[in-house]
2 protein chains.
Amino acid sequence: MRFSKAYIPTTKEAPKDAQLPSHIYLSRAGFVTQVAAGLYNFLPMGKRVLRKIETIINEEMAACDAQEVDLSFVTPAELWEESGRIEKFGKELLRFRDRKDNLFVLGPTHEEMMVNIVRNRVTSYKQLPLNLYQIKTKFRDEARPRFGLMRGREFVMKDGYSFHSSNEDLDREFDAMEAAYKRILERLGLEFRIVEADSGAIGGTGSKELMVLAGSGEDTLAICDSCEYGANVEAARRAPRTTIPEAPQADFARFKTPNVKSIEDLSNFFHVDPYYTLKAVVQRAVYTEGSELVCFFIRGCDELQEVKARNSVGAIDLVDATEAELIEIGLVPGFIGPLDQDKIRIVMDNDTKNGVSMICGSNEADFHFVGVDLSVMNEAHFADLVSVQEGDGCPHCGGKILHTKGIEVGHIFKLGTVYSAPLKAEFLDENGRSQPFIMGTYGMGVSRLVAAVIEQHHDEKGCIWTHATAPYLVNVMVSNIKEESHMAYAEELYASLQSRGIETMLDDRKERFGFKMSDAELIGFPYTVIVGKELENGSVQIMVRATREMITVDAADVLSKIEELTR
Amino acid sequence: MRFSKAYIPTTKEAPKDAQLPSHIYLSRAGFVTQVAAGLYNFLPMGKRVLRKIETIINEEMAACDAQEVDLSFVTPAELWEESGRIEKFGKELLRFRDRKDNLFVLGPTHEEMMVNIVRNRVTSYKQLPLNLYQIKTKFRDEARPRFGLMRGREFVMKDGYSFHSSNEDLDREFDAMEAAYKRILERLGLEFRIVEADSGAIGGTGSKELMVLAGSGEDTLAICDSCEYGANVEAARRAPRTTIPEAPQADFARFKTPNVKSIEDLSNFFHVDPYYTLKAVVQRAVYTEGSELVCFFIRGCDELQEVKARNSVGAIDLVDATEAELIEIGLVPGFIGPLDQDKIRIVMDNDTKNGVSMICGSNEADFHFVGVDLSVMNEAHFADLVSVQEGDGCPHCGGKILHTKGIEVGHIFKLGTVYSAPLKAEFLDENGRSQPFIMGTYGMGVSRLVAAVIEQHHDEKGCIWTHATAPYLVNVMVSNIKEESHMAYAEELYASLQSRGIETMLDDRKERFGFKMSDAELIGFPYTVIVGKELENGSVQIMVRATREMITVDAADVLSKIEELTR
């Protein structure tokens, strides 16, 4: 493409609300423009990146015999009523009525539609397994669309669904999809981790997330410094503690602790490690219908992990309880304990089970119990409630857990019969018995990947595209297009590169060198060949965008140098 | 692909409402499934055909330096208010409010959005011309969605828009797009005509439609039997008559014609050719606001062309007037004439101008005027109002006009400043003056093309795909998969064909020969290699789907025969 004919409206101004590098640079470099909150247009350069990602996904899916379909974006609300999700999805599900007053939704995901497609068409185990996917626009009416392409309302997603006659076959396909997703991210040139994920809300028997590592990621990951283990903190586990602090020596007793309310105060007051204190966190658990107060008890050295806590009671949301709410039901803030507690539902963290020498609230102002043996609580509701911290032990190898930030670009999920059972999508098994399909689902954020590349690869000058995602791999820039011999050389190089299948931009614009250079850096072509005065001495320069290194090359050797660099 | 792993749910049952071959066969052969009225899912085979068409369009657009974008499907209603189309589009434009109560529409076409993209970003004539396009889902809430993919509510369209600084440059791009569209349809293997089209409703200075010729087409085309001329009947012109019937000899007179109301009666009564009678057609013209009765006068031998009539008064619709409506305003049904007519707005057909020896209604029951000289009407509103008939003369070469049926798969349009002016999308010209962009628009129905291929290419057994559109070019079918040597041969052939880049299906299903043969015919692979008993004598058969001819080929020569057939 000739730059003079290309539509790449670069600008110095970033969108007012832009905080993330991808939002700033993709806008400034003319890859996308915003239409309204969470709605974006892809301009030619952005669309090229999208197409490249799409092509790689299609190739890897074809290699796994996954078959591409294209489902209607506008979908009848009835299907969502059948599955019971129309209520659960809430306002994110955009609903409207057509001219005949029928209710439809704009598909935010396509489980129901995909089940509907195979229902009554795939009738025997002999027709299984099946893996169907699409790459398609989705819509979610997010309450707070933000971060540019990262959390838009309209976005492009690859969503795949597999159907099986046994859990073993689902496991096989799940592993195959994990491997395919890994190859896709490797081909895109991204640094990533595949981590264990929370599968609380939807249910199912296991799920993993594909996380592109980037400081701006919204997700916190717990990763092992020694082995492959990684998990979203929402789902991370840790090895049992190997070093337990020395236990305080005390018999069970009620102890006056005036105004000693926080774990820190308590730990200082008794000169004990917070490990031996019991922290009470009261939350209002919100359900599809109604809500209740719940008290979560964890060790004082731990932090409550909200998603784990939410899952432990099956809530759709947790909200901090106010002091007034506690007092209203007869609790004493700062002194809440689990013993003889009947004013509130309680959930205890697994790590408190059989805890001894514990200090906890007495449910009476200014008093704590010491020397508590928690085995008296063994009939209580226990669950994993705490955040894995940096320094905790890896549950696989005992190595050290570190925290890092990631952008979720994919999610693979063993659904089991979560959708097929309510939607009555069944097949006849080998014994002629009707069974619901066992399903897996495999999502990948295609438009989000465009942003993720830039979150991981940028500098203060702009975008740095990887080889596989670059809109053009090489930019041939002529410093002064009035120099006929320079233009002639550039034209020949441009033709040669293209004939070798190397996608090339020819910057033939009648603009100053500095202006063109800024554009090249902002847009982020991996390599820019600068054709300038030195051509008269037989050499040109190649700017390597990732490092901004300038390589001086013999004008006759540019082709082979580019081939070497891009190999 | 192995048929045993492919998702191709063929069935003997056609959808209840299906009339067109494409609707019947694309459903029966498992290419598409219906979701709701006018909403379809593309299953794997259908999606492959869509992708193939899309790829050819993308290649031809790239060759013209048209650049692909991807615009938000959900678009703010404000843009449609700015252009004034929100009302004009009526109920086809699906509107809804998001969770924050902002009004949006589902894009049925993207003129406004595309203008919005270049507005304030392309500011100088130096940045022109520009041609931007997308291939994207569209939604129109059709009152009567029907004919399967032919007239759906959700559909895939290629919509392109060009921006120019002069009409000459628009003309050049328009011609380039016409040539590109022609190449696309040629590559798809379709028989088509590019015809002159009506450009009434939107305005603009010229438009052409791409029509795939098929008996089931909704459009009637007037085409010349000698030259390239073709036009939608809505826009067709004809050469002036060369043979004029002998004129009746009569002076102007009022003549009693009791109960002689139709043109046929009148022509018989006076023994004159209908050419010399004047037909009055009264219609209620409906405008964006309000309506009125209009009387169109044409020669008795002609037929009123509704679109031309509608355009002549700028109406959005014409509805037959009832006798009661005529009587109410004082007209006499059967005897309406143009002379001294002040009860109704009248429009005269161009061909009546200066007509002599005419017979027309006298606006009095049971009386006509004869010997009328219509030059007295020269101040009236004249327009082209009539349908071009078979046998009329070609306006270009004088050849004979024939009628044929076509499916509109594309429309190219010189818009001029119809959108850019109201949306104030302007650039600075060479003299530093602000001017609205001069625009062209270029649409192509991508999902409709899938159906159009089948409308033109099918037989009583099912689909017949062209080489470029076939989901797989070759189907290798093993009659009995239990015969190991047959399967071994088929596997090797399958691998060889694929390694040569020939997309191949291997029908390895454990099904009867007849069943597999019916599927092959229904699905419509261009070539099916039948590996059966004759392999033991060293030969196989190739079924050519288009003709259902069976070619016996030496088993060793199949590859070269296929290459010869598909060359």
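Residues numbered from 1 in each chain as written. Chains lettered and ligands numbered in written order. Predicted model: local features only at pLDDT ≥ 70, side-chain atom pairs only at ≥ 80, totals over all residues. Heavy atoms only, no water.

Where we set the bar: UniProt positions are given in the numbering used here, feature names are shortened, and annotations may be inferred rather than shown by experiment.
The name an unreviewed UniProt entry assigns to chain A is Proline--tRNA ligase, from the organism Sulfuricurvum kujiense. UniProt's Sequence similarities (unreviewed entry) comment on chain A is quoted here verbatim: "Belongs to the class-II aminoacyl-tRNA synthetase family. ProS type 1 subfamily." Turning to chain A, the UniProt record has this under Subcellular location (unreviewed entry): "Cytoplasm".

### Regarding the overall build of chain A
Note the cut-off: For helices the rule is a DSSP run of H or I covering at least 4 residues; for strands it is a run of E covering at least 2, with both sets numbered from the N terminus onward. Three exposure classes are used, based on accessible area relative to the maximum for each residue type with a 1.4 Å probe and protein chains only: buried under 20%, partly exposed in between, and exposed over 50%. Contacts: residue pairs with any heavy atoms within 4.5 Å of one another. Reported accessibility uses the Shrake-Rupley method at a 1.4 Å probe radius. Residues are deemed covered only where the shown protein chains occlude them. The sign given to each residue is positive for Lys and Arg and negative for Asp and Glu; His and the chain ends receive no count. Charged groups are reduced to one reference atom each: NZ for lysine, CZ for arginine, CG for aspartic acid, CD for glutamic acid.
Tallying secondary structure elements over chain A gives 13 helices and 31 strands in all. Along the first, second and third principal axes, the C-alpha set of chain A runs to 95 × 65 × 45 Å. Within the span of chain A, comprising 567 residues, buried residues form 57% of the whole. Of the contacts made within chain A by residues no fewer than 6 positions apart, 69% connect residues no fewer than 24 positions apart. On chain A, roughly 23,500 Å² of surface is accessible, and the fraction owed to carbon and sulfur atoms is 46%. Mean positive and mean negative side-chain charge positions of chain A (65 and 87 charges, respectively) differ by 5 Å.

### Section: the sheet that holds strand S16 (residues 317-320) of chain B
Which entries qualify depends on this criterion: A pair of strands is considered paired only if DSSP assigns at least 2 bridges between the two.
Spatially, S16-S14-S15-S17-S20 (chain B) is the arrangement adopted by the 5 strands of the open sheet, whose pairing is mixed. Lying at the two open borders of the sheet, with one neighbouring strand each, are S16 and strand S20 (382-383) of chain B.

### Let's talk about the relation of the copies chain A and chain B
Which entries qualify depends on this criterion: C-alpha atoms of residues with pLDDT of at least 70 in both copies form the basis for the least-squares superposition of the copies.
Expressed as a screw transformation, the operator carrying chain A onto chain B has a rotation angle of 180° and an axial translation of 0.0 Å, and the superposed copies differ by an RMSD of 0.1 Å. The transformation just described matches what one would write down for a two-fold rotation axis. Taking the C-alpha atom as reference, chain A places Phe96(A) closest to the rotation axis, 3.0 Å from it. Residue by residue, 100% of the interface of chain A is reproduced at the interface of chain B, so both copies engage with the same surface.

### What to know about the sheet that holds strand S17 (residues 345-349) of chain A
Residues and elements named next belong to chain A. The following threshold applies: Inter-axis angles, ranging from 0 to 180 degrees, are taken between N-to-C directions of lines fitted to C-alpha atoms, where helices are fitted over the stretch in contact.
Strand order in the open sheet formed by 5 strands is S16-S14-S15-S17-S20, with mixed pairing between adjacent strands. The outermost strands of the open sheet, each flanked by one partner alone, are strand S16 (317-320) and strand S20 (381-383). The mean angle between the axes of side-by-side strands here comes to 40°, regardless of whether they run parallel or antiparallel. Examined bridge by bridge, strand S14 (residues 278-286) and strand S15 (residues 291-299) share 9 bridges and lie antiparallel to one another. Paired with Val281 across the bridge in S15 is Phe296. The strands touched by helix H8 (residues 306-313) are S14, S15, S16, S17 and S20; relative to S16, the strand with the most contacts, the crossing angle is about 115°.

### Description of the interface of chain A and chain B
Defined as follows: Put simply, buried area is the surface a 1.4 Å probe can reach on two separate parts but cannot reach once they are joined, added for both. Between Lys or Arg on one side and Asp or Glu on the other, a salt bridge is scored when a side-chain nitrogen of the former is within 4 Å of a carboxyl oxygen of the latter. In protein, a polar contact means a hydrogen-donor-capable atom and an acceptor-capable atom, both N or O and within 3.5 Å, with residues adjacent in sequence counting only if both atoms are side-chain atoms; elsewhere, any N or O pair within 3.5 Å suffices.
At the junction of the two partners, chain A supplies 54 residues and chain B supplies 54 residues. Contact between chain A and chain B buries roughly 4,700 Å² in total, counting both sides, with carbon and sulfur atoms accounting for 55%. Applying the counting rule to chain A against chain B returns 12 salt bridges. For Lys136(A), the salt bridge is made with Glu154(B), and the minimal N-O distance between the two is 3.8 Å. Our enumeration of links across chain A and chain B arrives at 30 residue pairs in polar contact (both at pLDDT 80 or more). The biggest single contributor to the side of chain A that touches chain B is helix H2 (residues 44-63) of chain A, with 6 residues.

### As for the pairing of strand S29 (residues 527-531) of chain A
All names here are of chain A. Buried residues dominate S29, accounting for 5 of its 5 residues. Burial along S29 is two-sided: Tyr527, Val529 and Val531 facing one way and Thr528 and Ile530 facing the other are all buried. Alignment of strand S27 (residues 474-478) against S29, held across 5 bridges, turns out to be parallel. In the strand pairing of S29, Asn475 is matched with Thr528. Sheet analysis places S29 next to strand S30 (residues 539-544), joined by 4 bridges and oriented antiparallel. Residue pairing in the sheet places Ile530 in a bridge with Gln541 of S30.

### Here's the deal with the domain arrangement of chain A
As a reminder, the rule being used: Note that the domain bounds reflect an automated or database-derived domain assignment.
Partitioning chain A into domains gives domain 1 (3-69 + 117-235 + 402-455), domain 2 (253-383) and domain 3 (474-566). Relative placement of domain 2 of chain A and domain 3 of chain A: their C-alpha centres are 66 Å apart.

### Focus: the nonpolar core
Selection criterion: The definition of a nonpolar core used throughout is a set of buried Ala, Val, Leu, Ile, Met, Phe, Trp, Tyr and Cys residues joined through side-chain atoms within 4.5 Å.
Judged by nonpolar contacts, the single largest core of 80 residues is most densely connected at Leu106(A), Phe163(A), Leu106(B) and Phe163(B). Apart from residues lying up to four places away in sequence, Phe163(A) is in contact with Met114(A), Val115(A), Val118(A), Leu128(A), Pro129(A), Leu130(A), Phe437(A), Ile438(A) and Met439(A).

### Some points on the environment of Gly215(B)
Inspection of the secondary structure assignment puts Gly215(B) in the loop between strand S10 (206-213) and strand S11 (219-224). A C-alpha to C-alpha distance of 7.1 Å links Gly215(B) and Gly406(B), two positions 191 residues apart in sequence.

### Some points on the packing of helix H11 (residues 484-499) of chain B against helix H13 (residues 558-566) of chain B
The relative placement of two packed helices comes down to the angle between their axes together with the axis-to-axis distance. Residue and element names in this part refer to chain B. For clarity, the threshold we go by: For classification, angles of less than 35 degrees are called roughly parallel, those exceeding 145 degrees roughly antiparallel, those between 65 and 115 degrees roughly perpendicular, and all remaining angles oblique. What makes a crossing left-handed is the near helix being turned counterclockwise from the far one by less than a right angle; a clockwise turn instead makes it right-handed. When residues are grouped by polarity, Ala, Val, Leu, Ile, Met, Phe, Trp, Tyr, Cys and Pro land in nonpolar, Asp, Glu, Lys and Arg in charged, and all others, Gly among them, in polar.
Following both chains from N to C, one finds H11 and H13 inclined at 40°, their axes separated by 11 Å at the closest point. The angle between the axes of H11 and H13 places the two elements in the oblique class. When you trace H11 past H13, the crossing you get is right-handed. Along the contact surface, H11 presents Tyr489, Leu493, Ser496 and Leu497, while H13 presents Val558, Leu559 and Ile562. Its residues assigned to classes, the contact of H11 with H13 comprises 6 nonpolar, 1 polar and no charged.

### Describing the pairing of strand S30 (residues 539-544) of chain B
Taken across its 6 residues, S30(B) has 5 buried, putting it largely inside the fold. Hairpin remark: S30(B) followed by strand S31 (residues 549-554) of chain B, antiparallel, with 4 residues in the connecting loop; positive phi at Arg548(B), about 60°.

### Some words on H11(B)
Residues and elements named next belong to chain B. We count it as follows: Residue count minus one, scaled by 1.5 Å, sets the expected span of a helix.
Compared with an ideal rise of 1.5 Å per residue, which puts 16 residues at 22 Å, H11 spans 22 Å between its outermost C-alpha atoms and is within 8% of the ideal. Tucked into the core, H11 has its buried residues touching strand S27 (474-478), strand S28 (504-507), strand S29 (527-531), S30 and H13. Just downstream of H11, Gly501 is the residue with a positive phi angle, here 80°.

### Re helix H10 (residues 446-456) of chain A
Most of H10(A) sits inside the fold, with 10 of its 11 residues counted as buried. Within H10(A) the residues assigned to the buried category are Val446(A), Ser447(A), Leu449(A), Val450(A), Ala451(A), Ala452(A), Val453(A), Ile454(A), Glu455(A) and Gln456(A).

### With respect to the confidence of the model for chain A
Interpretation of the predicted coordinates at a detailed level should be avoided for regions scoring low in pLDDT. As a reminder of what qualifies: The predictor's confidence in any single residue is recorded as pLDDT, a number from 0 to 100.
Confidence in the prediction for chain A averages 95 pLDDT; 99% of positions are at 70 or higher. On the interface metric, ipTM, the complex scores 0.91, and its pTM is 0.92.

### Quick word on the side chain of Asp198(A)
Here Asp198(A) shows up in the loop between strand S9 (192-196) and strand S10 (206-213). With residues near it in sequence (within four places) discarded, Asp198(A) still touches Ser207(A), Glu234(A), Ala235(A), Val307(A), Asn311(A), His411(A) and Phe413(A).

### Comments concerning the packing of H2(A) against helix H2 (residues 44-63) of chain B
Following both chains from N to C, one finds H2(A) and H2(B) inclined at 145°, their axes separated by 15 Å at the closest point. By crossing handedness, the relation of H2(A) to H2(B) is classed as left-handed. Between H2(A) and H2(B), the residues in contact are Arg51(A), Glu54(A) and Asn58(A) and Arg51(B), Glu54(B) and Asn58(B), respectively. Broken down by class, the residue content of the contact of H2(A) with H2(B) amounts to no nonpolar, 2 polar and 4 charged.

### Some thoughts on the packing of aromatic side chains
Operational definition: Pairing of aromatic side chains here covers Phe, Tyr and the six-membered ring of Trp, requires ring centres within 6.5 Å, and sorts the geometry by plane angle: under 30 degrees stacked, over 60 edge-to-face, intermediate tilted. The rule for a charge over a ring is simple: NZ of Lys or CZ of Arg within 6 Å of the ring centre, and within 35 degrees of the ring normal.
Here the structure, examined in full by the defined rule, presents 22 aromatic pairs over all chains. Seen from their ring centres, Phe255(B) and Phe269(B) are 6.4 Å apart, and the 85° between their planes marks the pair as edge-to-face. Pair noted here: Phe255(B) is in strand S13 (residues 253-256) and Phe269(B) is in helix H7 (residues 263-270), with a separation of 14 residues, a long-range link. By way of ring pairs, the aromatic residues Phe96(A), Phe104(A), Phe96(B) and Phe104(B) are connected into one cluster. The ring of Phe382(A) carries Lys353(A) above its face, with NZ or CZ at 4.8 Å from the centroid.

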